[in-house]
Each structure stands twice: as C-alpha cells, then as structure tokens.
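A closer look at the structure
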Amino acid sequence: MEKILLLEGIHPNAIEILEKEGFQVELEKSAFNGKDLIERAQGYQALGIRSKTQLTQEVIKSLPELRVIGAFCIGINQIDLETSNICGIPAFNAPYSNTRSVAELVISEMIALARKLGDVNMMAHKGQWLKSANGNHEIRGKTLGIVGYGHIGSQVSVLAEAMGLKVLYFDILKKLPLGNARSMDSLDELLGLSDFVTLHVPETPMTTNLMSSHQLNKMKKGSFLINASRGTVVDIPDLVTALKTQHLAGAAIDVYPKEPDSNNESFTSELQNLENVILTPHIGGSTEEAQQAIGCEVAESLIRYLKFSFTGGAVNFPNLEVPMHIDGHRLMNVHKNVPGVMREINSIVSDVGANIRSQYLATDANIGYVVMDMEKGHFKEAAKKIAALPTSIKTQVH
Ligand code: NAI
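Residues numbered from 1 in each chain as written. Predicted model: local features only at pLDDT ≥ 70, side-chain atom pairs only at ≥ 80, totals over all residues. Heavy atoms only, no water.

Relative to the 16 Å expected for 12 residues at 1.5 Å per residue, helix α7 (residues 151–162) spans 17 Å between its end C-alpha atoms, a close match to the ideal helical length. Among all positions in α7, only G153, S154, V156, S157, L159 and A160 are buried. At its buried positions, α7 is contacted by α5 (99–114), β6 (143–147), β7 (166–170) and β9 (196–199). A positive phi of about 90° marks G164, the residue just after α7. (Helix = DSSP H or I, 4+ residues; strand = E, 2+ residues; numbered from the N terminus. Expected span 1.5 Å × (residues − 1). Buried < 20%, exposed > 50% of the residue type's maximum accessible area, 1.4 Å probe, protein only. Contact = heavy atoms within 4.5 Å.)

Structure below.
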C-alpha cells in the first residue's frame, strides 16, 4: 500500500480518512524545505503540504517515488507546477472549501458597519459609553451589490436575501441569479443602487484597482464597501479619500496590496485609525470548519488518484474523470505528448493478448495521460513493456 507523508500539521481528519482506506500515513507538524525535505520525503508516494513547503524543481526531481501532491490549502504557487506536470505528478488543492467562511464574514461585516460595531466596541473597552441611534441602521430592506457572482458571491447572495436584503450583482460572465437576485448590466449601475458593495472577483489584470476613485465616486453617498477578495482590487489611497470625505460611511477590508508574511511581522495600512473602518488580517477563509473541509477534500482527491487514477480537479495535469470502480485491471500511463505514442501503447496491449475494456485519454501541451481497464490476462506484461517505452514518464497498475 502507498505511503503518504503529511507536513505542516494538516487537519487530523485527513489522516483518519486516508488511514481508513488502508494507506500508511505519517504526519509532521512543521514544514520542510530544500535538502531536509528531499531527505524526509524520500520513499513516499504521496506528499501533503500547506503553503510553507516549497516544492521546487530540485525537490520534485529528487523524489522519484512521488506520485501525487496534495496541497491542503487554496494557493498553489509554492509548487513548481510545470515540473510536477512534466514529471507526471498531479497536484490537487481545495479551492472552494472556505467559501462559506468568507460569505459569513461578509454578512457579519454588513451588520457591523451599519451599527459601527468596531468603533463602539473599541470605545467601550476604553471606558466610553457611546449610546446613540443616530446613523445606525438595520440591514433589512437595504440593497447589497455583489461584484463577482462566483462561489463566494452567490453564497453571500443567498444569505443576504434570507436576512431581508435586496440583492444586485455584476459579473463579466452570464450567471444564473439565485433567489430574487438581479443581474446588472454594468458595474457603475450596481454601484449607484447599492447600500453595501461587496467584492468577490479573482485577481486578474482586469480587476487590478477595479475600485478606484471613479468607481468609488459612483457609489451612493453614505454606502459601505467590503473587500474580502484580493488586496489589489481596491485602490487604497482612493478609498482613504472616499472615507475621509465621508462619501463612504465605512469599509471592511480583509485583504491588502501588501500583507505581512507571518504573525510576527507588523502590519501597517493607510486605513488604520479611520472612523468605521474594520480591518481584519486576511481571515475570510480561516475557520476550523474550512480547515476540516480542506482536509476532507484533498484527502479524497489523493484517494481517488491513488486508487483509481482519477485526476478530475488536478491543477497541473490533464483532467480524466474515470469511473471509480475498476473493471478487471486498471493501467495508467503518463507519457510525453509526441505523435505515435498511443499507437505504440495499443500495439503492446494487442501483442501480449490483453483485451482493453475501456480506454480514456487526455493531453496537455507536455504530456498525455491514458487510463485503460483491461481484462485479466497479460496486463502485467503489457504494463512492463509500456513502462519501458522511451516516451513513458510514469506507469502504474491497480
Ligand atoms: P470564483 O472564481 O468562484 O468567482 C469569481 C467570479 O468573479 C466569477 O464569477 C468571475 O466571472 C467573476 N469576475 C471575474 N472578473 C470580474 C470582473 N472584472 N468583474 C466582475 N466579475 C468578475 O471565485 P471565489 O471562490 O468566489 O473567490 C472570489 C475571490 O475571493 C477570489 O479573489 C479569492 O482569492 C478570494 N478569497 C478570499 C479569501 C479570504 O480569506 N479573504 C478566501 C477565499 C477566497
């Protein structure tokens, strides 16, 4: 059975799920890097990491037995995806496990902004009693504008409607409205109608400074801005101006153009000490439930790959959603994507008299990935010969 090494204190539910399937799992609390990582991860077929383990070209190439990478997080820039692709090693992450956590933070921030909770809380701690109804509002009946109606935006939409808000959204793609939400033709139209604007777009060249002075000025006077997407989406100096001039009544910001690398570094922002501005340290997706969901999602991807060669959802690899039951014996082969490989593979199978029941193939620019279910017979001989082809990168039988 395959051996799996999990680094960086991955959630214990991942270990439980993997062990239940019969895998031999070892856990390390910290990250390993460079030579230490090469030494520690030697001989394992699967490696689970979070954001602090750098899987560089040198590391990946020095782990010949490694078959699959599980990134128990959202980000994947700690993995050399090109090298792992060329080496025939798929990598899986958990892009949507923290969707609900972000959505809940946004809902709580709408109320917190409408009631100035950040400020009154701070003053009460300092001994000041600021009891007043002036400028405090319910969110019921107000209009929420959601920019980016993807996984998080659409969750916010459902929760907000349940609390009695009217929901408008703007997305560059045509998205099916949930509940009574209404799609807007332009960002400006949404900004002009919303009491709260929340941003849920990815970081792309198009979304850099998506909210700068022009768009902030299009927002209703006295409205609120929430950004728990990416730091580059809002022009911070322009937002500071909009807040200082009281065009906006407040903002809740979770992400910044420049964020500290760790909790030991201090954090500075031009938004500090402004009235009714809630600043959180990029915690939108940081909940125990999200960590648990990540543990579960990535562990299941590792199992699907190691047991069935299923690569659906892999971030660096041709996606093959093969059936999750094996008819006879399953052979998988990763090969260089050059002409004639499949002809060679099929002629080996036919030469050894093995019978193919089903065959699945997907390719990208560098590699081809083929999975075949074969009837019992000479499949081991076929696998040996296929593995020996000069074009073969990885071959495995189940
Ligand atoms: P998603 O990919 O499901 O949705 C993004 C949506 O934005 C898509 O529907 C897309 O068509 C739309 N979009 C792209 N460019 C646009 C533009 N210029 N104008 C309008 N719409 C545009 O992404 P998901 O999962 O909903 O995440 C949204 C953002 O939240 C991402 O930036 C992600 O990095 C961030 N995030 C932040 C977390 C935190 O801790 N604060 C945690 C998780 C995600």
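Our next topic: the pairing of β6. Counting buried positions along β6 gives 5 out of 5 residues, so the element sits mostly inside the fold. In β6, alternate side chains face the same way, and those of T143, G145 and V147 on one face and L144 and I146 on the other are all buried. Sheet analysis places β6 next to β7, joined by 5 bridges and oriented parallel. Within β7, the residue paired with V147 across the bridge is F170. The handedness of the β6 to β7 crossover, carried by α7, is right-handed. Of the pairings in the sheet, the one linking β6 to β9 comprises 4 bridges and is parallel in character. If you follow L144 over to β9, its bridge partner there is F196. (Pairing = 2+ DSSP bridges. Right-handed = clockwise from strand over helix to strand, strands pointing away.)

It is worth spelling out the layout of surface pockets at this point. Roughly 290 Å³ of internal volume is contained in the second largest pocket. Sorting the residues of the lining of the second largest pocket by element identifies α10 (236–244) and β11 (248–253) as the ones contributing at least two each. For the lining of the second largest pocket, the leading source of residues is β11, giving 3 residues. Grouping the amino acids of the lining of the second largest pocket by side-chain chemistry returns 6 nonpolar, 6 polar and 3 charged. (1 Å grid on protein atoms, 1.4 Å probe; cavity = no way out; pocket = protein on both sides within 12 Å on 5 of 7 lines; lining within 4 Å. Points joined across faces, edges and corners; volume = space filled by probe spheres on them. Nonpolar A, V, L, I, M, F, W, Y, C, P; charged D, E, K, R; others polar.)

Looking at the assigned domains, one finds that the protein contains domain 1 (1–98 + 287–317), domain 2 (99–279) and domain 3 (325–398). The centre of domain 2, based on its C-alpha atoms, is set 52 Å off from the matching centre of domain 3. (Domains from an automatic or database assignment.)

Strand order in this open sheet of 7 strands is β8-β7-β6-β9-β10-β11-β12, and the pairing throughout is parallel. With partners counted over all chains shown, the strands left at the sheet margins are β8 (182–183) and β12 (277–279), one partner each. Strand contacts of α5: β6, β9, β10 (223–227), β11 and β12, with the helix running at about 150° to β10, the strand carrying the most contacts. Each of β6, β7 and β9 touches α7; the most contacted strand, β6, lies at about 170° to it. (Axes fitted to C-alpha atoms, helices over the stretch in contact; angles between N-to-C directions.)

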